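Spelled out from the first residue to the last, the chains are:
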Amino acid sequence: MENTVKKAWYVIHTYSGYEDKVKENLEKRAETLEMQDQIHRIVVPKEKEITTTPTGKKKELERKTFPGYVLVELVMSNEAWFIVRNTPGVTGFVGSHGGGTKPEPLLEEEIDFILREMGLSTITEVDFQVGDYVKVISGPFNNMEGKVVSLDLSNYKLEVLLEFMGRETKTELELYHVVKAN
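All values derive from a computational prediction rather than experimental measurement. (Residues numbered from 1 in each chain as written. Predicted model: local features only at pLDDT ≥ 70, side-chain atom pairs only at ≥ 80, totals over all residues. Heavy atoms only, no water.)

(A) Summary view of the overall build of the protein. Counting its regular elements, the protein contains three helices and eleven strands. Counting over 182 residues, the protein shows a buried share of 32%. Long-range pairs, those at least 24 residues apart, make up 56% of the contacts in the protein between residues at least 6 apart in sequence. Here the protein displays about 11,800 Å² of accessible surface, and carbon together with sulfur accounts for 50% of that area. (Helix = DSSP H or I, 4+ residues; strand = E, 2+ residues; numbered from the N terminus. Buried < 20%, exposed > 50% of the residue type's maximum accessible area, 1.4 Å probe, protein only. Contact = heavy atoms within 4.5 Å. Areas by Shrake-Rupley, 256 points an atom, 1.4 Å probe, with all protein chains shown as cover.)

(B) Geometry of the environment of Ile111. Positionally, Ile111 belongs in helix 3 (residues 108–117). The class of Ile111 is buried, set by a relative accessible area of 4%. A C-alpha to C-alpha distance of 8.9 Å links Ile111 and Leu71, two positions 40 residues apart in sequence.

(C) A look at the pairing of strand 3 (residues 46–52). Pairing geometry for strand 3 and strand 4 (residues 58–64), over seven bridges, is antiparallel. For Lys48, the partnering residue across the bridge sits in strand 4 and is Glu62. From the end of strand 3 to the start of strand 4, which pair antiparallel, there are five residues, and Gly56 there has a positive phi angle of about 90 degrees. (Pairing = 2+ DSSP bridges.)

(D) Quick peek at the sheet that holds strand 5 (residues 69–75). On the basis of which strands lie adjacent, the open sheet formed by four strands has the order 2-5-1-6 and antiparallel pairing. The open sheet has two edge strands, strand 2 (39–43) and strand 6 (90–93), and neither has a second partner. For this sheet, the mean angle separating the axes of adjacent strands, direction not counted, is 30 degrees. Sheet topology places strand 1 (residues 7–14) next to strand 5; seven bridges connect them, and they run antiparallel. The residue bridging Trp9 from the neighbouring strand is Glu73, located in strand 5. (Axes fitted to C-alpha atoms, helices over the stretch in contact; angles between N-to-C directions.)

(E) View of helix 3. For helix 3, the full list of buried residues reads Ile111, Ile114 and Leu115. Seen end-on, helix 3 carries its buried residues on one side only, within an arc spanning 90 degrees. Exposed residues lying more than 90 degrees from the buried face of helix 3 are Glu109 and Glu117. (Arc of directions from axis to C-beta.)

(F) Highlighting the sheet that holds strand 9 (residues 157–164). Spatial strand order, 10-9-8-7-11: five strands in an open sheet with antiparallel pairing. Each end of this open sheet is capped by a strand with a single partner; those strands are strand 10 (167–174) and strand 11 (178–180). In this sheet, neighbouring strand axes are inclined to one another by 45 degrees on average, regardless of whether the strands run parallel or antiparallel.

(G) Examining the environment of Asn182 more closely. Looking at the element boundaries, Asn182 is found in the segment after strand 11. A relative accessible area of 97% places Asn182 in the exposed class. With 49 residues separating them along the chain, Asn182 and Tyr133 place their C-alpha atoms 8.2 Å apart.

(H) How the structure looks around the nonpolar core. One finds Ile12, Ile39, Val72 and Leu74 to be the most contacted residues of the largest nonpolar core, which totals 20 residues. Every element with two or more residues in this core is listed here: strand 1, helix 1 (19–32), strand 2, strand 5, helix 2 (78–85) and strand 6. Setting aside residues up to four positions removed in sequence, Ile12 forms contacts with Val22, Leu26, Gly68, Tyr69, Val70, Val72, Val84, Val90, Gly92, Phe93 and Val94. Residues Val148, Leu158, Val160 and Leu175 belong to the second largest nonpolar core, which totals twelve residues. (Core = buried A, V, L, I, M, F, W, Y, C linked by side-chain atoms within 4.5 Å.)

(I) Summary view of a nonpolar patch on the surface. There is a patch of nonpolar side chains on the surface, built from Phe66, Tyr69 and Val94 and spanning about 230 Å² of accessible area. With respect to the element layout, Tyr69 can be found in strand 5. (Patch = residues over 30% accessible without salt bridge, like charges linked within 9 Å, V, L, I, M, F, W, Y side chains within 5 Å. Salt bridge = Lys/Arg side-chain N within 4 Å of Asp/Glu carboxyl O.)

(J) Local environment of the packing of aromatic side chains. Overall, the coordinates contain three aromatic pairs when judged by the stated rule. With 6.2 Å between their ring centres and 75 degrees between their planes, Tyr15 and Tyr18 make a pair best called edge-to-face. (Phe/Tyr/Trp six-rings, centres within 6.5 Å; stacked < 30°, edge-to-face > 60°.)

Quick look at the structure:
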């Protein structure tokens, strides 16, 4: 069997109501044990919900999309598996069969969808820079090409000059909406 060092997203099961505490504990353990190179991002999937109080006031709430579950991006190693598995509040990995077996990671399409719905992205590396040409692969500007004028990697966005209706128009796009043009 090939030993890969590719990071992937896994689902861990937690005691219901302990999702945020598990995230916090796991981040602290990864830092304390200097495992940040193996345990990367930890996400509690949440969505915003607007409700109306009995007095008619609108209130924005955040509710957990998958109560009892936390997503963790990691390089699956014996050490990383052990640390996650033995974090207080974690009951196990989803997709592991039996007590000692390693779980299957989420498919890229699954995690892309979940993180996009949360306004996050799975993109960790960008292979283009200001001045490069990109092609839009989804959304209203699909198949258009333009020049990158700025990158905002912390928010997974970029500004591109697109020719639209006979003139160049600066448009803000999500990184996952573009690829490098040929």
